[in-house]
Amino acid sequence: MFERIGHSATAQVRFTFNGETVIGNAGDSLAAALLAAGHKVFRDTPTTAAPRGPFCMMGSCFDCLVVVDGETVQACQIPAQDGLVVTSPPVPRAQP
Amino acid sequence: METEFAIIGGGIVGLSLAYGLLRRGKTVCVLDEGDGAFRASRGNFGLVWVQSKGLHHPAYAQWTRASARAYRSFADEIETVSDLPLNLQQDGGYIIHMSEDSLDADRKLYEGLRSRLGGDYPFEVMGHNALKTEEPNIGPKVAGALYCKEDGHVNPLRLLRGLTVAVRHLGGTLRTGHKVTDVTPQGAEFSITAEDAAPITAKKVVLAAGLGAMSLGPKLGFKAPIRPQQGQIIITEKLPKLMNRPNVEVRQVDEGGIQIGASSAEVGLNDREDVATIAGLAAHAVDMFPKLARAKMLRSWAALRIMSPDGLPIYQRSARHPGAYFVTCHSGITLAAAHAGVLGDWLTDAAEQPDVSAFGEDRFDV
């Protein structure tokens, strides 16, 4: 699906996504590292639980939301770093 | 075009009245302004709220409670006709207090109202620990809350949409995007002119135009002593369940977002939010529910309440032009069931009518 082109990595970073280890290149955004590792779906939407992944990769669409350190963030807007614990945002249960 | 009832104002108040009149077999035309208007029906908080209403005016407290009691069947009707879930929840609500003193001061006010109503007024005082068992996510600064089992909330945008669908379904005419500029009594009827639209002739006219009544009211003999009061609202990203019941300053909407509000400012016809107010709302919400500190804010907005001098609704029939009625209130969501229900008996001169004498304009004459 996504293939890296051109340059060779100077260093690798290692983090987890929903408990699974992901290895990316230093300098990747979190979204790029996840896509390169084969993760297309980052989350399910809160209202209809439809799958969502990165669309714009530039901070506009908010489809690449993940949770890092307890906060919902745009995966395309933060660098992939060693030791990050990344999870999909929880899907709230619809209220009665 | 001719109609029995022309309703000036296509917000929640106007549409609720229209729905009630259509259910009584009347022909109704609702005249709505465009999106440039100050649209309280699109900016409100969505509470169906009893607590704190009419603390010094038992008639208003009872009127509010009657609407809250009628709400379930009203909402069921609108849901059935419109096929939209309104997410009405009437499982009680809180007013959270951050100090024992303010909780105690409010308790005394509620006890006063209860005794004026012969003991028939439901509320409970909950200390921090009692509240914590119901709402585990409250913060340590919360002193407690007043709880009223008759409080609740609804999805106000779906209610607006549902009423729109229901009014059209019952054969009502809803004309939007044409601001009413003049209304002229002609004999026993009324001629209504609007921007870029054919005039309408109506046997009766109901002015439910929110802040628009400030200019249109005097044309029909009303004083319309209302003013805008600004409130600002924040909504967060959608979150897992953080609270079980709404409180007057923060509620979790049916889709998971946390809505934070209840600011009030006297700033005229200004519906712009400002950073200081929004920051204050956010800080207070975090004091009440500390987990909100990590929630992302999605949107904020300001809207204008329609306030009478004493905060109560105004229901007034024109003395000069008896076919003209003035209906305005701050609580269009809460009172929607009363407006669609018994208030229609007043507008149609039914044999049995609700007693709205406490809500006439003459109460402001001194």
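Predicted model only: the values in this text are computed from it and were never measured.

Chemist: Mind showing me how you'd approach the layout of surface pockets here?
Modeler: Rolled over the atoms, a probe as big as a water molecule pinpoints where empty space is left. Empty space within the second largest pocket amounts to approximately 680 Å³. Forming the walls of the second largest pocket are 30 residues, and the residues nearest its centre are Thr 72 and Pro 89 of chain A together with Glu 237, Lys 238 and Leu 239 of chain B. Among the secondary structure elements, those contributing two or more residues to the lining of the second largest pocket are β3 (43-44), β5 (65-68) and β6 (71-74) of chain A together with β12 (227-238) and β15 (297-307) of chain B. Element by element, the count of residues in the lining of the second largest pocket is highest for β6 of chain A, at 4 residues. A breakdown of the residues in the lining of the second largest pocket according to their chemical character gives 15 nonpolar, 6 polar and 9 charged.

Chemist: Help me understand the side chain of Ser 16 of chain B, please; the structure alone is not making it clear to me.
Modeler: Topologically, Ser 16 of chain B is positioned in helix α1 (residues 12-23). Beyond its immediate sequence surroundings of up to four residues, Ser 16 of chain B is in contact with Leu 163, Ala 336, His 339 and Ala 340 of chain B.

Chemist: Teacher, can you tell me more about the interface of chain B and chain A here?
Modeler: As a measure of interface size, the accessible area lost when the parts come together is often cited. Facing 14 residues of chain B, the contacting portion of chain A comprises 11 residues. Together, the buried faces of chain B and chain A total about 1,100 Å²; carbon and sulfur atoms form 48% of this surface. For the pair chain B and chain A, the number of links is 1 salt bridge. Residues Glu 71 of chain A and Lys 296 of chain B are paired through a salt bridge, measuring 2.9 Å at the closest nitrogen-oxygen approach. Joining chain B to chain A, the criterion identifies 3 residue pairs in polar contact (both at pLDDT 80 or more). Among the residues making up the side of chain B that touches chain A, the classes are represented as 4 nonpolar, 3 polar and 7 charged.

Chemist: Teacher, can you tell me more about the sheet that holds strand β1 (residues 12-17) of chain A here?
Modeler: Consider a sheet: its strands pair through backbone hydrogen bonds, and that pairing is either parallel or antiparallel. All names here are of chain A. Strand order in the open sheet made by the 5 strands is β2-β1-β7-β5-β6, with mixed pairing throughout. Here the strands that pair on one side only, and so sit at the sheet edges, are β2 (20-25) and β6. Direction aside, the axes of adjacent strands within the sheet are offset by 40 degrees on average. In terms of strand pairing, β1 meets β2 through 6 bridges, oriented antiparallel. Each bridged residue has a counterpart across the sheet, and for Thr 16 the counterpart in β2 is Thr 21.

Chemist: Honestly, the packing of aromatic side chains in this entry has me stumped. Any pointers?
Modeler: In this description, a pair of aromatic rings is defined by centroid distance and the angle of the planes. Residues and elements named next belong to chain B. This structure, assessed with the given rule, holds 13 aromatic pairs over all chains. When the ring of Tyr 19 is compared with that of Phe 74, the centres are 6.4 Å apart and the planes differ by 70 degrees; the resulting orientation is edge-to-face. Of this pair, Tyr 19 sits in helix α1 while Phe 74 sits in helix α3 (residues 58-82), placing them 55 residues apart in sequence. Both residues of the pair, Tyr 19 and Phe 74, belong to the buried class. Considering the side-chain rings of Tyr 325 and Trp 346, the 5.0 Å spacing of their centres and the 80 degrees angle between planes classify their relative orientation as edge-to-face. Here the residue Tyr 325 occupies a position in strand β17 (residues 324-328), and Trp 346 occupies one in helix α10 (residues 343-347), the gap between them amounting to 21 residues. For the pair Tyr 325 and Trp 346, a shared accessibility class is recorded, and that class is buried.

The rules we used
Residues numbered from 1 in each chain as written. Chains lettered and ligands numbered in written order. Predicted model: local features only at pLDDT ≥ 70, side-chain atom pairs only at ≥ 80, totals over all residues. Heavy atoms only, no water. 1 Å grid on protein atoms, 1.4 Å probe; cavity = no way out; pocket = protein on both sides within 12 Å on 5 of 7 lines; lining within 4 Å. Points joined across faces, edges and corners; volume = space filled by probe spheres on them. Helix = DSSP H or I, 4+ residues; strand = E, 2+ residues; numbered from the N terminus. Nonpolar A, V, L, I, M, F, W, Y, C, P; charged D, E, K, R; others polar. Contact = heavy atoms within 4.5 Å. Buried area = accessible area lost by both parts, 1.4 Å probe. Salt bridge = Lys/Arg side-chain N within 4 Å of Asp/Glu carboxyl O. Polar contact = N/O pair within 3.5 Å; in protein donor to acceptor, adjacent residues only side chain to side chain. Pairing = 2+ DSSP bridges. Axes fitted to C-alpha atoms, helices over the stretch in contact; angles between N-to-C directions. Phe/Tyr/Trp six-rings, centres within 6.5 Å; stacked < 30°, edge-to-face > 60°. Buried < 20%, exposed > 50% of the residue type's maximum accessible area, 1.4 Å probe, protein only.

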